[in-house]
Structure formats: C-alpha cells, structure tokens
Amino acid sequence: MLVALQGDQHITAWVAQKGPVFHCPNCKTQVILRKGALVAHNFAHKPPVTCSWASGETQAHLKAKLLLHDAFVAQGLSCSVEAEVLSGDGDRRADVLVWRPPGQLRIALEVQHTPLNFEQIDRRTRAYMSAGVPVVWLGLIKPEVLAGAEPLAGGLKITRYSVRPWEKWAHAYGMGELWFIDPVGGQFWRGVLHKHMIEVPSSSWYSSGGEEQSAGGYTRSSKRWRNLHVEGPYPPSAIGLKTFTRNTFSSRDFTVPGGRAAGFMVRAPKP
Ligand SMILES: [Zn+2]
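Residues numbered from 1 in each chain as written. Predicted model: local features only at pLDDT ≥ 70, side-chain atom pairs only at ≥ 80, totals over all residues. Heavy atoms only, no water.

Notes on the sheet that holds strand E12 (residues 178-182)
Here nine strands make up an open sheet; going across it, the order is E6-E7-E8-E9-E12-E13-E16-E11-E10 and the pairing mixed. If you trace the sheet from one side to the other, it starts and ends with strand E6 (78-85) and strand E10 (150-152), each paired once. For this sheet the average axis-to-axis angle between neighbouring strands, irrespective of direction, equals 40°. Pairing analysis gives 11 bridges linking strand E13 (residues 187-200) to strand E16 (residues 218-234), with the strands arranged antiparallel. Each bridged residue has a counterpart across the sheet, and for Ile198 the counterpart in E16 is Arg220. (Pairing = 2+ DSSP bridges. Helix = DSSP H or I, 4+ residues; strand = E, 2+ residues; numbered from the N terminus. Axes fitted to C-alpha atoms, helices over the stretch in contact; angles between N-to-C directions.)

Following this line, the structure appears as structure tokens:
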C-alpha cells in the first residue's frame, strides 16, 4: 500500500517519515511504514491481515504504480495513487488516477496482478464508467518472459503465452491491444494477442469392417495459449493517454460494455 492516513490526512509512503502513527484508509487499523533501500517504500498491515486492501500486493505492483505516477507527473498531469473513485455501483480504488487540472476528465489506471474473471472485470469497468472515469487496464510482464521471447520487427514475440481471462477481456476492451509494464526495467510494451495454432496430427486405422478411417491432419487455435507480440520497449516519457468511445462487444464468452473508454498511446517516436 502506498497511501495511509496520518490523522485525517492521506500521505504517500515516499513522503512519510517514521515517527507518527499511520492507519489504513480502508480498515482503519494501524499500518507500518517500510522504507527500504531496495524496495518501493510502502505501508504494511500487521498480521493477521484481514483487510482486502492488503491482499496480494507485490513489489512489482507497487513499483508499477510508482512508475505510472512518476511518468504522468513528469508530463505535467495531476496524479494520485490508490485514489478512491465514487461510483453508483460501489467504490472503486484506482491504482493511479490521472487528470489535467482544473476539473477535467479523470482517467483511472489499473495494474491487474490478481486473477479476475470476465464478470469481475466487466463489473469494475462499468463502475468506473458510471462514475464518469474511463479506465485503462494494464498488465505486468516479467523480465524472464521478455528474456525468453523471440525478436520480431519492432519488438518481441512470446509464443504459447498462457492468456488469462481478464487479459482476453482487456484486449477486446482496448480494441485489440493490451499494454504491459515491466516494473524491473521501468518500461512499457504494447501487446497484441494472436491466435496460437496447434497441429492435430493425422492418424489412420482400420475399423472392424476393414475400412480405413482417419482423423486429424489439421490445425486449430488453442484456447489456452496465444502468441503475444509486444512492441517496444517504450520509456515512460513516450507513453500518452487517449480516450475513445467504443461500442458494446459480445463474444461467446464475455461482453465488453460500450461507452467512453481509455487507453495508452505512443506520444513520441521510439528513441
Ligand atoms: Zn486495511
């Protein structure tokens, strides 16, 4: 967690100094400020942890939030991390909220690091839409995944990528793209999912009546795997925000709501 309460004021872990008592803005229990040399400064709950805001947060997720915050602040935009957004369908807490003052459109950035099913990501996206805050869904990519990829013009190709349901959903929501953050390298990649074809080998045999039977000998697209092409890497200074209006889209597995959506774009040529 990057933000805690000091009294009734929100304070970020990179500004906070040890000494005062800090509380979680959600469950109101006391949290500990951790300022390590090698880790992203953060607030931690004391065990036993029951607060939903404390679950499953990793250093990669914390670093990604800081990277986004710093990238957009450097571009002159207003940013707050772990910002609560009021909506009709329950409150959402955006990883990063970006806006250009005063009072202009706010855009939520969500770095997804836990599994979400189609229904959950759909519901969260609609909650943001109903609050008038379009959301950008972003993935995390590990250095070892990048290291194992094949070079491709302008980027890399990751074959047999085990695509998660939320990634399929966010790729459709993003009109055929999904951006990834490499929190270790501090860079961004524009991802496009392609079908991964599987060869079904042909085989033949004789039935009990002596007739020759055969099967296979064709290719089909894998349900589990995709080939992920990533374009980049882009430094934080090259990433811009865009909004667009999209139509409702339905596939056999899920529906993506129509309305005002947001995404990343490349704002400067790759250096
Ligand atoms: Zn809490």
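Describing the environment of Pro143
Along the polypeptide, Pro143 turns up in helix H3 (residues 143-147). Using a relative accessible area of 34% as the deciding quantity, one classes Pro143 as partly exposed. Sequence spacing of Pro143 and Trp99 is 44 residues, and the spatial spacing of their C-alpha atoms is 30 Å. The residues touching Pro143, leaving out its near neighbours within four places in the chain, are Asp182 and Val184. (Buried < 20%, exposed > 50% of the residue type's maximum accessible area, 1.4 Å probe, protein only. Contact = heavy atoms within 4.5 Å.)

Here we look at the packing of helix H2 (residues 118-130) against helix H4 (residues 165-173)
Packing of H2 against H4 brings their axes to within 8 Å, and their N-to-C directions diverge by 40°. As judged from the angle between their axes, H2 and H4 are oblique. Remark: the crossing between H2 and H4 carries right-handed chirality. Counted together, Phe118, Ile121, Asp122, Thr125 and Met129 of H2 and Pro165, Trp166, Lys168, Trp169, Ala170 and Tyr173 of H4 form the full contact between these two elements. Residues belonging to the contact of H2 with H4 are distributed by class as follows: eight nonpolar, one polar and two charged. (Parallel < 35°, antiparallel > 145°, perpendicular 65-115°, else oblique. Left-handed = near helix turned anticlockwise from the far one by under 90°. Nonpolar A, V, L, I, M, F, W, Y, C, P; charged D, E, K, R; others polar.)

Quick notes on the coordination of the zinc ion
Here the zinc ion is held by the protein donor atoms Cys24 (SG), Cys27 (SG), His45 (NE2) and Cys51 (SG), which lie 2.1 to 2.3 Å from it. Its four donor atoms give the zinc ion angles of 101 to 117° at the centre, a pattern that matches the tetrahedral case. (Donors = N, O, S within 2.8 Å, 3.2 Å for Na, K, Ca; no water. Tetrahedral: all angles 85-135°; square planar, octahedral: opposite > 155°, others 65-115°.)

A look at the domain arrangement of the protein
The domains assigned to the protein are domain 1 (1-55) and domain 2 (57-194 + 223-266). Computed over C-alpha atoms, the centres of domain 1 and domain 2 are 25 Å apart. Residue-level contacts link 14 residues of domain 1 with 11 residues of domain 2. Here domain 1 and domain 2 share an interface that buries about 1,100 Å² over both sides, 60% of which is from carbon and sulfur atoms. (Domains from an automatic or database assignment. Buried area = accessible area lost by both parts, 1.4 Å probe.)

Structural notes on empty space enclosed by the protein
The rolling of a water-molecule-sized probe over the atoms marks out the regions of remaining empty space. One pass over the structure, following the stated rule, counts one cavity of 30 Å³ or more. In terms of lining residues, the largest cavity is bounded by 13 residues, among which Val136, Gly174, Glu177, Ala262 and Gly263 are the most central. Elements supplying a minimum of two residues to the lining of the largest cavity: strand E9 (135-140), H4, E12, strand E17 (239-246) and strand E20 (259-266). Among the elements that line the lining of the largest cavity, the one with the most residues is E20, at three residues. Looking at side-chain class alone, the lining of the largest cavity contains nine nonpolar, two polar and two charged residues. (1 Å grid on protein atoms, 1.4 Å probe; cavity = no way out; pocket = protein on both sides within 12 Å on 5 of 7 lines; lining within 4 Å. Points joined across faces, edges and corners; volume = space filled by probe spheres on them.)

Focus: the side chain of Arg92
Note that Arg92 resides in strand E7 (residues 92-99). With a relative accessible area of 16%, Arg92 lands in the buried category. For Arg92, the contacting residues outside a window of four places in its chain are Ala83, Glu84, Val85, Glu110, Arg124, Ala127 and Tyr128.

Structural notes on the side chain of Glu82
Assignment of secondary structure puts Glu82 in strand E6. Judged by relative accessible area, which is 6%, Glu82 ranks as buried. At 2.7 Å, the side chain of Glu82 and the backbone nitrogen of Leu2 are in polar contact. Among the polar contacts made by the side chain of Glu82, one reaches the side chain of Lys65 at a distance of 2.7 Å. Residue contacts for Glu82: discarding those within four places in its chain leaves Met1, Leu2, Val3, Glu57, Lys65, Arg93, Ala94, Asp95 and Val96. (Polar contact = N/O pair within 3.5 Å; in protein donor to acceptor, adjacent residues only side chain to side chain.)

Concerning helix H1 (residues 59-74)
For H1, with 16 residues, the first-to-last C-alpha span of 22 Å sits near the 22 Å given by 1.5 Å per residue. Those residues of H1 that fall on the buried side of the exposure criterion are His61, Leu62, Ala64, Lys65, Leu66, Leu67, Leu68, His69, Ala71 and Phe72. One or two steps after H1, the chain reaches Gly76, where phi turns positive at roughly 85°. (Expected span 1.5 Å × (residues − 1).)

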